[in-house]
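# Residue-level structure breakdown
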Amino acid sequence: MLRNRSATLGLVLLGCLALPALSGEATPGPLLGFHPDRVAAQRELEARFDATLDAANLETWMRRLAARPHPVGSPWGKANAEFMLERFRSWGYEARIETFQVLFPTPQLRRVELLEPTRFKASLAEPALPEDATSSQTREQLPIYNAYSVDGDVTGELVYVNYGVPEDYAVLDRHGIDVAGKIVLARYGRAWRGIKPKVAAEHGAIGCIIYSDPAEDGYFAGDVYPKGGFRNARGAQRGSVADLPTYPGDPLTPGRGAVAGAERLAIEDAPTLTKIPVLPISYADAQPLLEALGGPVAPPEWRGALPLTYHLGPGPAKVRLAVAFDWKLAEAHDVIAVLRGRESPDQWVIRGNHHDAWVNGATDPVSGMVALMEEARAVAALTKSGWRPKRTIVYAAWDAEEPGLLGSVEWAEAHADELRAKAVAYINSDSNGRGFLGLAGSHSLQPFLNGVARDVADPVQGMPVLERLRSRIKVHGDEEERKRAATGGDLPLSALGSGSDYTPFLQHLGIASLNLGFGGEGDYGQYHSAYDSIDHYVRFMDPGFVYGIALAQVAGRTALRLAEADVLPFDPATLVDTLGSYVDELEELADTMRESTAETNRRIDAGDYAAAADPKENLRPPKREAAVPHLNFAPLENAMERLRGRVAAYDKALTAARAEDGALPADKAAALNAVLKDLERAMGRPEGLPGRTWYTHLVYAPGFYTGYGVKTLPAVRETIEARRWSEADASIGLTAEVLDRLGEQIERATRAVGSAQGATAP
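Definitions and cut-offs
Residues numbered from 1 in each chain as written. Predicted model: local features only at pLDDT ≥ 70, side-chain atom pairs only at ≥ 80, totals over all residues. Heavy atoms only, no water. Helix = DSSP H or I, 4+ residues; strand = E, 2+ residues; numbered from the N terminus. Rg over C-alpha atoms; globule rule 2.2 N^0.38 Å. Buried < 20%, exposed > 50% of the residue type's maximum accessible area, 1.4 Å probe, protein only. Contact = heavy atoms within 4.5 Å. Areas by Shrake-Rupley, 256 points an atom, 1.4 Å probe, with all protein chains shown as cover. Lys, Arg positive; Asp, Glu negative; His and termini not counted. Charge placed at Lys NZ, Arg CZ, Asp CG, Glu CD. Pairing = 2+ DSSP bridges. Axes fitted to C-alpha atoms, helices over the stretch in contact; angles between N-to-C directions. Core = buried A, V, L, I, M, F, W, Y, C linked by side-chain atoms within 4.5 Å. Parallel < 35°, antiparallel > 145°, perpendicular 65-115°, else oblique. Left-handed = near helix turned anticlockwise from the far one by under 90°. Nonpolar A, V, L, I, M, F, W, Y, C, P; charged D, E, K, R; others polar. Patch = residues over 30% accessible without salt bridge, like charges linked within 9 Å, V, L, I, M, F, W, Y side chains within 5 Å. Salt bridge = Lys/Arg side-chain N within 4 Å of Asp/Glu carboxyl O. Arc of directions from axis to C-beta. Phe/Tyr/Trp six-rings, centres within 6.5 Å; stacked < 30°, edge-to-face > 60°. Lys NZ or Arg CZ within 6 Å of the ring centre and 35° of its normal. 1 Å grid on protein atoms, 1.4 Å probe; cavity = no way out; pocket = protein on both sides within 12 Å on 5 of 7 lines; lining within 4 Å. Points joined across faces, edges and corners; volume = space filled by probe spheres on them. pLDDT = per-residue confidence, 0-100.

### Remarks on the overall build of the protein chain
- Looking only at helices and strands, the protein chain has 23 helices and 18 strands in total.
- Scaling as 2.2 N^0.38, a compact globule of 762 residues should have a C-alpha radius of gyration of about 27 Å, and the protein chain matches this with 26 Å.
- If one aligns the C-alpha atoms of the protein chain with their principal axes, the spans along those axes are about 80 × 65 × 60 Å.
- Across the 762 residues of the protein chain, 60% fall into the buried class.
- Intrachain contacts of the protein chain at a sequence separation of at least 6 include 80% that bridge at least 24 residues.
- Accessible area for the protein chain stands at about 26,700 Å²; split by element, carbon and sulfur atoms hold 51% of it.
- In the protein chain, which carries 81 positive and 101 negative side-chain charges, the distance between the mean positions of the two groups comes to 1 Å.

### Section: the sheet that holds strand β6 (residues 183-187)
- Judged by pairing direction, the sheet is mixed, and its 7 strands sit side by side in the order β3-β2-β10-β5-β6-β7-β9 without closing on themselves. Either end of the sheet is taken by a strand with one partner, and the two such strands are β3 (120-121) and β9 (278-281).
- Bridge analysis of strand β2 (residues 106-116) against β3 gives 2 bridges, and the strand direction is antiparallel. Following the sheet pairing, Leu114 is matched in β3 by Phe120.

### Considerations on the sheet that holds strand β16 (residues 513-520)
- Read from one edge to the other, the open sheet built from 7 strands follows the order β1-β11-β13-β12-β14-β16-β15, with strand pairing classed as mixed. Only two strands of the sheet have a single neighbouring strand rather than two, namely β1 (94-103) and β15 (435-441). The average undirected angle you get between the axes of adjacent strands in this sheet is 20°.
- Relative to β16, β15 is paired through 7 bridges, and the arrangement is antiparallel. Bridge pairing in β16 links Leu439 to Leu516.
- Lying over the sheet, helix α17 (residues 546-564) contacts β12 (344-354), β13 (391-398), β14 (423-429), β15 and β16, oriented at roughly 165° with respect to β16.

### Structural notes on the nonpolar core
- In terms of nonpolar packing, the biggest core is built from 229 residues, with Phe88, Tyr93, Tyr211, Tyr395, Leu419, Leu579 and Leu672 touching the most fellow members.
- Excluding residues within four positions of it along the chain, Leu419 makes contact with Trp348, Ile350, Trp411, Ala412, Phe505, Leu509, Ile511 and Arg681.

### With respect to the packing of helix α3 (residues 55-65) against helix α9 (residues 362-382)
- Put simply, α3 and α9 touch, their axes get as near as 9 Å, and they point 130° apart. With respect to α9, the axis of α3 lies oblique. Crossing handedness for the pair α3 and α9: right-handed. Here Asn57, Leu58, Trp61, Met62 and Leu65 of α3 come into contact with α9, specifically with Ala362, Val366, Ser367, Met369, Val370, Ala371, Met373, Glu374 and Arg377.
- In the contact of α3 with α9, the residues fall into 10 nonpolar, 2 polar and 2 charged.

### Focus: a negative patch on the surface
- Where like charges cluster on the molecular surface, the negative patch consists of Asp478, Glu479, Glu480 and Glu481.
- Along the chain, the position of Asp478 falls in the loop between α13 (465-476) and α14 (479-486).
- Residue classification places Asp478 among the partly exposed positions, given a relative accessible area of 42%.

### Concerning helix α5 (residues 166-174)
- Listed as buried for α5 are Asp168, Tyr169 and Leu172. Along the long axis of α5, the arc covered by the buried residues comes to 100°, so they all point the same way.
- Here the buried face of α5 lies against β5 (152-160), β6 and α6 (195-202).
- Positive phi shows up at Gly176, right after α5, with a value of about 75°.

### Some thoughts on the packing of helix α2 (residues 39-52) against α9
- Packing of α2 against α9 leaves a shortest axis separation of 9 Å and a crossing angle of 125°. Between α2 and α9, the crossing angle belongs to the class labelled oblique. Pair α2 / α9 crosses with right-handed handedness. Between α2, through Leu45, Arg48, Phe49 and Thr52, and α9, the contact on the second element is made entirely by Glu374, Glu375, Arg377, Ala378, Val379, Ala381 and Leu382.

### Structural notes on the pattern of salt bridges
- Per the counting criterion, the structure on display carries 51 salt bridges.
- Arg48 is the salt-bridge partner of Glu44, the closest N and O atoms lying 2.9 Å from each other. Taken together, the residues span about one helical turn, with Glu44 and Arg48 both in helix α2 at a distance of 4 residues.
- Residue Glu44 is classed as partly exposed on the basis of its relative accessible area, which comes to 41%.
- Residues Arg340 and Glu94 are paired through a salt bridge, measuring 3.0 Å at the closest nitrogen-oxygen approach. Within this pair, whereas Arg340 is found in the loop between β11 (329-339) and β12, its partner Glu94 is found in strand β1, the two being separated by 246 residues in sequence.
- Residue Arg340 is classed as partly exposed on the basis of its relative accessible area, which comes to 39%.
- Residue Glu94 is classed as partly exposed on the basis of its relative accessible area of 39%.

### What about the pairing of β9?
- Residue alternation in β9 divides its side chains into two sets, Val278 and Pro280 and Leu279 and Ile281, and both sets are buried.
- Both strand β7 (residues 207-211) and β9 contribute to a ladder of 4 bridges, which runs parallel. Among the inter-strand pairings, Ile210 is bridged to a residue of β9, identified as Pro280.

### Describing the packing of aromatic side chains
- The tally for this structure, following the rule as stated, stands at 23 aromatic pairs.
- For the ring pair Phe104 and Trp358, a centre distance of 6.2 Å and an interplane angle of 35° mean the geometry is tilted. A residue pair is termed long-range when its members are at least 10 positions apart, and Phe104 in the loop between β1 and β2 and Trp358 in the loop between β12 and α9 qualify at 254 residues.
- On the basis of an interplanar angle of 50° and a centroid distance of 5.8 Å, the ring pair of Tyr225 and Tyr531 is categorised as tilted. With a gap of 306 residues between them, Tyr225 in the loop between α7 (214-217) and β8 (239-240) and Tyr531 in the loop between β16 and α16 (534-540) connect regions that are remote in the sequence. You'll find Tyr225 and Tyr531 in the same group, each marked buried.
- Ring pairs connect the aromatic residues Trp61, Phe88, Trp91, Tyr93 and Tyr395, which therefore count as one cluster.
- The positively charged end of Lys198 is found above the aromatic ring belonging to Tyr705, 5.3 Å away from the centroid.

### A look at empty space enclosed by the protein
- Inspection of every chain in the model, using the stated rule, returns 2 cavities of 30 Å³ or more.
- Within this model, the second largest cavity holds a volume of roughly 40 Å³.
- Taken together, Ala357, Trp358, Val359, Asn360, Gly361, Asp364, Glu402, His528, Ser529 and Asp532 make up the lining of the second largest cavity.
- The class makeup of the residues in the lining of the second largest cavity is 3 nonpolar, 4 polar and 3 charged.

### As for the confidence of the model for the protein chain
- The predicted model of the protein chain averages 93 in pLDDT, with 94% of residues at 70 or higher.
- Taken as a whole, residues 4-26 scores under 50 in pLDDT and shows 63 contacts with residues more than four places along the chain or in a different chain.
- Under a pLDDT of 50 for its full length, residues 755-762 has, in the predicted model, 19 contacts with residues more than four places off or in other chains.

### Here's the deal with the pairing of β7
- With 5 of its 5 residues buried, β7 lies for the most part within the structure.
- On β7, burial covers both faces: Gly207, Ile209 and Tyr211 on one face and Cys208 and Ile210 on the other are all buried.
- Relative to β7, β6 runs parallel, the two sharing 5 bridges. By the bridge assignment, Val184 is partnered in β7 with Cys208.

Right, here's the structure in full:
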């Protein structure tokens, strides 16, 4: 589902520029959470795991899974689930398929026509290519469309709205352009695609067309398919436009599993469906529409890479947009494979990737799925020597991720109470390619995941994947990233927003989660198109599947260490340090907005905007904003001070409780694990975010107007960004209460290991 590896991994990878030569080998470091006497055995176990991995399996399984289109509800999707079920069982897992009935509309009518000043009808089709064996499977392919658009047949003047995010409408307003009663044309990028029709409808638009501009992933990025890997003129991006920031999963069963007989909303009452009709098109179909637009010339930053002058409209382009759907339920088949733990079977380490695709989906998601399968096969092979993990490992192949995380969300909702009681962590992957490891997830696991990444060698460069990433950041990161990378310490994890299957575990159930994968060097312009195929993948994404093996090594070590650790490797200190930086960011945000608003209002009052405006553009000045008040951040600051004291007390107690060899006594380790397992849960509230009750985590959430992109401390941050000053104090108070609950959980951890003398939390 995720757009590309830079989005998936939360790290900005700035293309394929040359790097200095890299060399060296992965150097084993300490293993967090392991008794010193068990480190050698764990490393030997991981060496045997590595020796079992075989890249040939990844290619074989990709050629099976991506052989035909397999969206949710398709015959090949069900056959793939049954194929994986058979594989898991043959390796020794207790495996089953869990089936959910989910709303999955498919198109019956799709039409985009330019009516004035000339006539043009969009093809809305991707032609078969001789170089791509599966692109000719047109009868099985889902056509180009956006799932969860409402039905509609609308005609109106066209307006170009750039990426279609809220700040773009402020620019249109300065040009005196109102989209009410009009159809908007937005380009993909900058935000989750479902944000574009959402914002358009809020501004009164009657329809939304989304196109792929070659500036993003077409000829501007590199040679197009089939010569190169980037999107050709007819390639188009399918995808869901559900209101993901409200809640993901089946639109008709929010908060409960979509099992047979479940209570369902009426379709017309489902809040995550769009309010206006939506359809995606290729840049070949978009070009005549853009050429027909008049009005002001678009600002420089709004101009894409098509060979035309980008105008804003409205008109003289007049467009008809018509879509209608078969609003049916489809069966989603989740494959669940369980390797029961020998000592703590009721503590679960969950590892997942989805298996459904919009079309053949070799990159998204099969590249990640086959790496998971090989990882699971190699873990199961370890049991032949008599080994079993201390904790239970659960492997999951999710269905129906592409329409909106349906398979994972419905499973998590159906098993919510059991997961809250048993889940230790969730490890996610999605797509995979060649390049750099992305590190994203719960910050309590930051030192642990850095340790894993130090112990896996890059398959091309030979150095630890962590150090290759560090070298990349030193060259291409921003100033703060370069400074952090240069210290040689841990690289920070990126916070998780949404867009993949970690969402229900982290943000709904409060289960610590990680998202892993490689990318940044593949030529991936085929996202959600018919050309995301085996032929494309083996040429342009990961020839030889060597980074697929690297993903299996990273995720496999992550799962094995979480399953085997004597003490769960959660680090409250890193978490609290990160929370402190988020509080600082909020205060900086308010200060910056206050200064910016005051300066803008001063310039408006002085007439500076009118004097500086280009007469040809006739720009309006920005709207005058109310002054930003001085917010009371004291509750957050005080909560952070208490948190830091509690972490200091915990660290002191833990040090005092360790034996001379550094190990924690078994009884204290067991008591501590029971507390650490719920560390992430302490950062949620059952009532959820204000206005978004499904999202219960008050530290990480997808942004209301970003979708994929994360908002940290979202209750406060989005209140400030939206200038809802009357709600700010309440949001600050709610968040401070959650930080205090986290502090109480850290106090429980301190008591679990036995308070050291003088180590009492304030």
